[in-house]
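Chains, contacts and geometry: an overview
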Amino acid sequence: MTTEGCFVSRQFSTANFFNYDSDRMIDLRSDTLTTPTEEMRQAMANAVVGDDVYGEDATINLLQQTVADIFGKERGLFVPSGTMGNQICIAIQTQSADEIIADADAHVFHYENAAAAVIARVQISGIQTTNGEFAMEELERNMRPPAYYYPRVGLITVENTHLRHGGLPLSSDYLRSLRKFADARNIPIHCDGARMWNALEESDVTSVEMGAFFDTISVCLSKGLGAPVGSVIVGTSQNMDKALRVRKMLGGGMRQAGILAAAGLYGLQHIRPLLTTDHANARQFAVGLSGINGVAIDLDRVKTNIVMFSVRGLPDDVLLAKMLENGVRLAPIKPGVMRAVFYHQISSEQCAAAVEGIRKSVES
Ligand SMILES: Cc1ncc(COP(=O)(O)O)c(C=O)c1O
């Protein structure tokens, strides 16, 4: 980068705004903070590309088929974001005025700007859960009778792993029962698998078995896998034909986007194997925090790369400012609950340093 470039980015960086040393800061706000490595950038630069609106980008085609094969699905479709992936999958499997079932803490419910109401024109019925798994009786209660004045339940959505439940993966026993429940009522299931790669690390089923639990899955390349952009949705060929139309309608048809798909393929091959280390780092961090007076943390809920904890007696803004002073940047996931997310560019040494930074913030 030129000196001018450095000056410009420093001037506008949030690091400068908060007046901290960004080089030493351990930033655990999200696994979306990953930046492409030198090798990933090389893979992007060398990608064979074509016009994907004509279906002629070889790297995108390879990525789509690779991800579809991982989950035993007929086809995949590259989309710019997880949000677009979820919304396309909702739109192609519902009719206007349907109701869809989601966890009350789901990303599709909280963080997608009511997009399902605007794009698919459906309403979401949010069911409270403690871990992203619906109690079957509760799900049954939410199935509306087939009267003309009730909305039709068109789709069940789940999130694996579940962000607002601290990265908990859904159990295969639960997913088996859910599939049975949905099949008996002829309702499709969509999985927001933004962190499906993390879920698979902790699962006792293969990725193809996991794929069979769902009609459609949206997986992100831009979180733990470290790509700068992109998600892939998978499903039947018929569903992907419909998805292609909706993606175009939403302006998500891209041209020589093989340079982005190459980053995803690189992430799948080279960064996916590092997810186990992220999970180990999250655990190391969580165990460290559990030894700090004033920190409340449930170690049983630390299963993947996300750690949630609370600090007694310190308002969020004070705690965040103190942690920043001590070299740790975090964000609350809800009032009074901090979230730390681990990714391949956070080392085990940084985890230990982050624990010490938080100890100083809480105990001083
Ligand atoms: C669980 C979950 N689903 C979907 C998304 C949306 O992904 P994107 O930011 O690529 O739209 C995110 C993003 O953080 C997420 O955490």
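Residues numbered from 1 in each chain as written. Predicted model: local features only at pLDDT ≥ 70, side-chain atom pairs only at ≥ 80, totals over all residues.

Comments concerning the site of the ligand
Using the following cut-off: By definition, a residue lies near a molecule or strand when the C-beta atom built from its backbone is within 6 Å of it. Labels follow the DSSP assignment, with helices taken as runs of H or I lasting at least four residues and strands as runs of E lasting at least two, numbered in each case from the N terminus.
Around the ligand, the structure places 13 residues, and the nearest of them are Ser81, Gly82, Thr83, His107 and Ala194. In terms of residues, the shell around the ligand owes the most to one element, helix α5 (residues 82–93), which gives three residues.

Examining unusual backbone geometry
The test is simple: Working definition of burial: number of other C-beta atoms within 10 Å of the residue's own, with buried at 20 or more, exposed at 12 or fewer, and partly exposed in between, all C-beta atoms being placed from the backbone.
Omega for the peptide link from Asn160 to Thr161 comes to 0 degrees, which places this bond in the cis form. Examined against the element boundaries, Thr161 turns out to sit in the loop between β5 (153–159) and α9 (172–185). In this structure, Asn113 takes a positive phi of about 55 degrees despite not being glycine. Along the chain, Asn113 falls in the loop between α6 (107–110) and α7 (115–118). Unusually for a residue other than glycine, Ala114 sits at a positive phi of about 55 degrees. Tracing the sequence through the fold places Ala114 in the loop between α6 and α7. Overall, the presence of 11 C-beta atoms within 10 Å leaves Ala114 in the exposed class.

Examining the environment of Arg312
Put simply, the rule is: By definition, residue pairs are in contact when their C-beta atoms, positioned from the backbone, come within 7 Å.
Structurally, Arg312 is set in the loop between β10 (306–311) and α15 (316–325). In sequence terms Arg312 and Gly294 are 18 residues apart; their C-alpha atoms lie 5.3 Å from each other. Excluding residues that lie within four positions of it along the chain, Arg312 makes contacts with Gly294 and Ala296.

Let's talk about the sheet that holds strand β8 (residues 231–235)
Just so we agree on the cut-off: Paired strands, in this sense, are two strands between which DSSP finds at least two bridges. For helices, the fitted line uses only the C-alpha atoms of the stretch in contact; every axis is such a line through C-alpha atoms, and the angle between N-to-C directions lies from 0 to 180 degrees.
The seven strands are arranged β2-β8-β7-β6-β5-β3-β4 in an open sheet whose pairing can be described as mixed. For this open sheet the edge positions go to β2 (75–79) and β4 (123–127), each flanked by a neighbour on one side alone. Looking at each pair of strands side by side, their axes are set apart by 20 degrees on average, direction ignored. Bridging between strand β7 (residues 216–220) and β8 involves four bridges; their strand directions are antiparallel. Along β8, the bridge assignment pairs Ile217 with Val234.

Details of the environment of Ala120
By the secondary structure assignment, Ala120 is in the loop between α7 and β4. Note on Ala120: 24 C-beta atoms within 10 Å, which makes it buried. Along the chain, Ala120 and Thr216 lie 96 residues apart, while their C-alpha atoms are 16 Å from each other. In this structure Ala120 touches Ile90, Ala91 and Thr94, once residues within four positions along its chain are discounted.

Digging into the sheet that holds strand β12 (residues 331–334)
Backbone-to-backbone hydrogen bonds pair the strands of a sheet. The strands run either parallel or antiparallel. Strand order in the open sheet formed by four strands is β9-β10-β13-β12, and the pairing between neighbours is antiparallel. For this open sheet the edge positions go to β9 (295–296) and β12, each flanked by a neighbour on one side alone. Pairing geometry for β12 and strand β13 (residues 337–341), over three bridges, is antiparallel. Looking at β13, one finds that Pro332 is bridged to Met338.

Structural notes on the domain arrangement of the protein chain
What counts here: As used throughout, domain bounds are those supplied by an automatic or database domain assignment.
Domain boundaries in the protein chain define domain 1 (18–35 + 273–363) and domain 2 (39–272). Spacing between the C-alpha centres of domain 1 and domain 2 amounts to 28 Å. Listed per partner, the contact involves 18 residues of domain 1 and 17 residues of domain 2. Looking at the side of domain 1 that touches domain 2, the elements with two or more residues in it are α14 (275–290) and β10.

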